[in-house]
Amino acid sequence: MGGSSSEPVVNEVRGAAVEAICDMHDSESSLLSRHRCGFATGLSSQNPNLLSNPDASEGLSHWEVDNGGNGWDVVETECCRVGARSHSKAFVSSFDWCAKWQVVDLWAKGYSQEYLDSEQPEIYVSDWFAPNPEFGGMYKIHVQLLSMDRRRVIDEYEEGPISLSSGSHHHYRQVSHTFRRYGPGVRFVHFLHKGKDVLFWRGHFGARITNSSVRVKSSEAYEIRAVRRSTSLSLSRSPSNITLWMDLNPLMDEVLLHILSFVSAQDLLLHCRCVSRRWRSLVDTPTLWLLKCKREKRLELLEISRLQLDIPWGLVYIKKPFSRNLLRNPCGQEGMRYWHARNGGHDWSVEDNRIHLDGAEAQTCFVSTYFWCEKWQIIDLLHEGLWQELLDHHKPEICISDWYAGREDCGCEYEISVKLLASDRERVIDEYNLRPPPIPQWNNQHHHQVSHVFRNYSRGVRYVKFFNRGKDTQFWAGHYGARITNSSVTVKIHW
């Protein structure tokens, strides 16, 4: 990190380091504390279970699911000793394969890169399963050790399908495996299991599963000293009193990631990413952006991370495509800005709403005249922060909504047309059209909503064309036609 051209970046990151050190200093569970105490949470003699809700005590919370048949359910079971504790609940599968999984972030659980790569501690996985007492079942398990990008498989364990017979032999059975000498680079554990019945009966008569576990063997002799080796710092409660001398290069990746997570997204992408290959790799890793999202409570991005897609994190973080209306100027508060218009009669006008509309961005509306007045926007979904893999394979819901009303003394007509377009902006992949009955003269001026959700559309969607139009029914000079406001296009991830 030498040279004058990198000095602004160094200063920016040093400032972030001060903020990060304050954050670590003020938190009992801080990264610095974990380094100084040898990562006590990860190296305790108790070897805690790293899976959340392993025994169905919280329903299906914390698990990602792929429901086959009638999906997963939770049932009371005969009180049975499973492993070291007694369980009374279990996950039960259906007539087609039901899968569920968790991805364990080992660093987030307290295990450093240095510890995982140098010690390669034993990673022990275990699961307990049983047939339906009367109908049997089938069971599978697949556990993978993944690298930082969550895509490269370093080691894996798979067993099944195991056939489970009915009758008297319906006690719980255990499968287990210990990963050893798996090599450097392990950062995540992907734990997946499946179950189903063998008679294809509607309902929940398949394999029952409980007390799943992932544990990392402790190593009392191991002590992490990386922070003390690579930093010399004097701390006080006031950030202004911190003195910091730091060579950032010797820091382990997880420490540098924690520091970088305090840098603004723009500086990360425009400056930090250009410092070196190592920094570019760190800026591109999901871990950095997940740290920022957790601190800022960006819940929609934390949910998306569960999909295990190849997410362009920097773009999605800045553009926020899942938490905003993709239409601009939806209520006319900026006149006709951002809208293409084809004007009939006396053209479009913008007026205040005659009746308050709850939830609208502004209490203004577009008002049409005695001939059809048309307006539209074309939304570039990739430019707004979505990406091709998400649109083509996961197919998020594209939700559209529009509100219209009439004047009390004049009837009006309204029409909407929304099209999902391919990359050439010509080919229509899906569309929604509606022309509701006219609003009569002498109406109550209340707003009417039109809404639609596009689901399971074909691959190739890249643009949304949102079009609406209105006019009056009396052919009066002036602006007495449909009053349109609070138009919206939003994208939602469905689970």
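Anything mentioned here points back to the structure above.
What this report covers is the structure whose coordinates are included nearby. From a predicted model like this one, the values you see are computed outputs, not experimental measurements.

1. A short note on the packing of helix H6 (residues 253-260) against helix H9 (residues 286-296)
Working step 1: Close contact between H6 and H9 brings their axes to 9 Å; oriented N to C, the two are set at 45°. One element, H6, and the other, H9, form an angle in the oblique class. Note that H6 runs across H9; the crossing there is right-handed. From H6, Leu257, His258 and Leu260 reach across to H9, where they touch Thr287, Leu288, Leu291 and Arg295.
Working step 2: Along the lines of polarity and charge, the residues of the contact of H6 with H9 split into four nonpolar, two polar and one charged.

2. Here we look at the sheet that holds strand S13 (residues 340-342)
Working step 1: With respect to topology, five strands assemble into an open sheet ordered S13-S16-S21-S18-S19, the strand pairing being antiparallel. A strand with exactly one partner marks an edge of an open sheet, and here the two such strands are S13 and strand S19 (428-434). The average undirected angle you get between the axes of adjacent strands in this sheet is 15°.

3. Examining H6
Working step 1: Extensive coverage of H6 is indicated by the burial of eight of its eight residues.
Working step 2: Within H6, burial applies to Asp253, Glu254, Val255, Leu256, Leu257, His258, Ile259 and Leu260.

4. With respect to the pattern of salt bridges
Working step 1: Taken as a whole, this structure holds 16 salt bridges when the rule is applied.
Working step 2: One salt bridge connects glutamate 415 with arginine 469, and the closest N-O pair in it is separated by 2.9 Å. Taken together, the positions of glutamate 415 in strand S18 (residues 412-421) and arginine 469 in strand S21 (residues 463-472) put the pair 54 residues apart, joining distant regions of the chain.
Working step 3: For arginine 469, a relative accessible area of 16% translates into the label buried.
Working step 4: Salt bridges sharing partners connect three or more residues here, namely Arg342, Glu374, Glu415 and Arg469.

What counts and how
- Residues numbered from 1 in each chain as written.
- Predicted model: local features only at pLDDT ≥ 70, side-chain atom pairs only at ≥ 80, totals over all residues.
- Heavy atoms only, no water.
- Axes fitted to C-alpha atoms, helices over the stretch in contact; angles between N-to-C directions.
- Helix = DSSP H or I, 4+ residues; strand = E, 2+ residues; numbered from the N terminus.
- Parallel < 35°, antiparallel > 145°, perpendicular 65-115°, else oblique.
- Left-handed = near helix turned anticlockwise from the far one by under 90°.
- Contact = heavy atoms within 4.5 Å.
- Nonpolar A, V, L, I, M, F, W, Y, C, P; charged D, E, K, R; others polar.
- Pairing = 2+ DSSP bridges.
- Buried < 20%, exposed > 50% of the residue type's maximum accessible area, 1.4 Å probe, protein only.
- Salt bridge = Lys/Arg side-chain N within 4 Å of Asp/Glu carboxyl O.

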